[in-house]
Amino acid sequence: MTTQPHHDTPPISHTSESKTFIQAKALSDRIWDQLKEDASKYRMLTGDRPTGPLHIGHYFGSLANRIKLQKMGIESFIVIADYQVLTDRDDVGQIQRHVRDLILDYASVGLNPFEHDNTTIFCHSQIPELNQLILPFSTLVSVSELQKNPTIKEEAQAMKLNNISACMLTYPIHQAADILFCHGQLVPVGKDQLPHLELSRKIARRFNERYARNKNVFREPTALLAEVPMISGLDGSQKMSKSRHNTINLNMTEKETIKAIKRAKTDTERMITFDPVNRPEVSNLLTLLSLCTDRSPQSWAEEIGDGGGGMLKQCLANHLNIFLAPIRERRRALESRPEFIQEVLDHGTRRARKVAIETLDTVRSVMQMQYNFK
Ligand code: ATP
Ligand code: MG
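Quick summary incoming for the structure in this document. (Residues numbered from 1 in each chain as written. Chains lettered and ligands numbered in written order. Predicted model: local features only at pLDDT ≥ 70, side-chain atom pairs only at ≥ 80, totals over all residues. Heavy atoms only, no water.)

## Examining the pattern of salt bridges
Pairing between side chains becomes possible if they bear opposite charge and their charged atoms approach one another. Selection criterion: When a carboxyl oxygen of Asp or Glu is within 4 Å of a side-chain nitrogen of Lys or Arg, the pair counts as a salt bridge. A run of DSSP states H or I qualifies as a helix once it reaches four residues; a run of E qualifies as a strand once it reaches two. Both are numbered from the N-terminal end. Each residue is assigned to one of three classes by its accessible area relative to the maximum for its type, calculated with a 1.4 Å probe on protein chains only: buried under 20%, partly exposed between the two thresholds, exposed over 50%.
Under the defined criterion, the tally for this structure stands at 24 salt bridges. Of the charged contacts, one joins D101 and R97 as a salt bridge, the two residues approaching to 3.8 Å between their closest N and O atoms. Of this pair, D101 and R97 both sit in helix α3 (residues 95-109), four residues apart, roughly one helical turn. A relative accessible area of 10% places D101 in the buried class.

Dropping the structure here:
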């Protein structure tokens, strides 16, 4: 399988891609194929920072694949990366509200531990044994490897940071702890996460070589990419991102969705064509339309033709609202149960801690750091 096509037209992304991306995509495709044969030997870990509501970039870039893996029966760990909120800002902001909203977002799209017993949702700040892995892991990568990370450079630029903190520089190390503590091997993420994940793979490999005498304590995790691994924002020029104010959030009302799409950037050419390289803004809207209708962006471009940007936006708003309707309905039902959020977290913390305690035990044991001098 080369992508996960939902229509028999050419794949959506046509932009020139880096070697790292092509390699990661090939690996991701291979794993998707293997999953069809036998899903039972895998575990999934992925997550989000509680910095704001989830958007459709999250949905199409990662959540849809999480749901797919959950349905395959794969044990799924979802980390709410609360400490990592502080990588690019000075305070935690409205973290209580954001954690609550994140859990509602998850459950609204179907990631609900009480409906799927294979799902665990937890905050990494609540799992001390997970955080203890950061120290040994930090011995396994060099400062220059961390400094080369293109995602960190890009995010620092997007947030207009003059200085990056050690916490931001070491992002891939704490992320490796999040992934490896539960032996997560499948990591459904967007393209921005690939450089981080490459370092997680190195950390797993080097830990086994350096500290475990080549015993396979950790398996190298694989990024599972979506058909469109990076959804651009409504400004068309950069990644759709909570911090960049260019999102359509899953919790928006119908009216808010229409309004957000009306503000999306297009270009001056009336005829609608799908041309991601030369017409990124229009092509991004066509891509979104394609993703929520299971039809190719090219066929939408042909249908809209000289209807122009106005018609494109109207079509997208209509179809996205249809697509989001069941998600909104589930959210409404859950909002009437305030105890639900705490139940999810208590359940997740219990389960994640149990796994983290076992992993830390193994790590200490192979590092000869269990002492019993009696
Ligand atoms: P922030 O701006 O606070 O960093 P974000 O919108 O980038 O927020 P994250 O919490 O950093 O969201 O990302 C969570 C997951 O969603 C990651 O796997 C990331 O790759 C994926 N993701 C986020 N934005 C997109 C996007 N625009 N397209 C595809 N995947 C995305
Ligand atoms: Mg981000």
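There's plenty left to go through after this.
## Re the pairing of strand β2 (residues 75-80)
The criterion, for reference: Note: two strands are recorded as paired if DSSP finds a minimum of 2 bridges between them. Crossovers are marked right-handed if the path from the first strand over the helix to the second runs clockwise, as seen with the strands pointing away from the viewer.
Burial analysis of β2 places five of its six residues in the buried class, the great majority of the element. Inspection of the sheet shows strand β1 (residues 43-48) paired to β2 by six bridges, in the parallel sense. Looking at β2, one finds that M44 is bridged to S76. With helix α2 (residues 56-71) bridging β1 and its parallel neighbour β2, the resulting β-α-β unit is right-handed. Pairing of β2 with strand β3 (residues 119-123) involves five bridges; the strand directions are parallel. If you follow F77 over to β3, its bridge partner there is T120. At this point the chain moves from β2, through α3, to the parallel β3, and the crossover so formed is right-handed.

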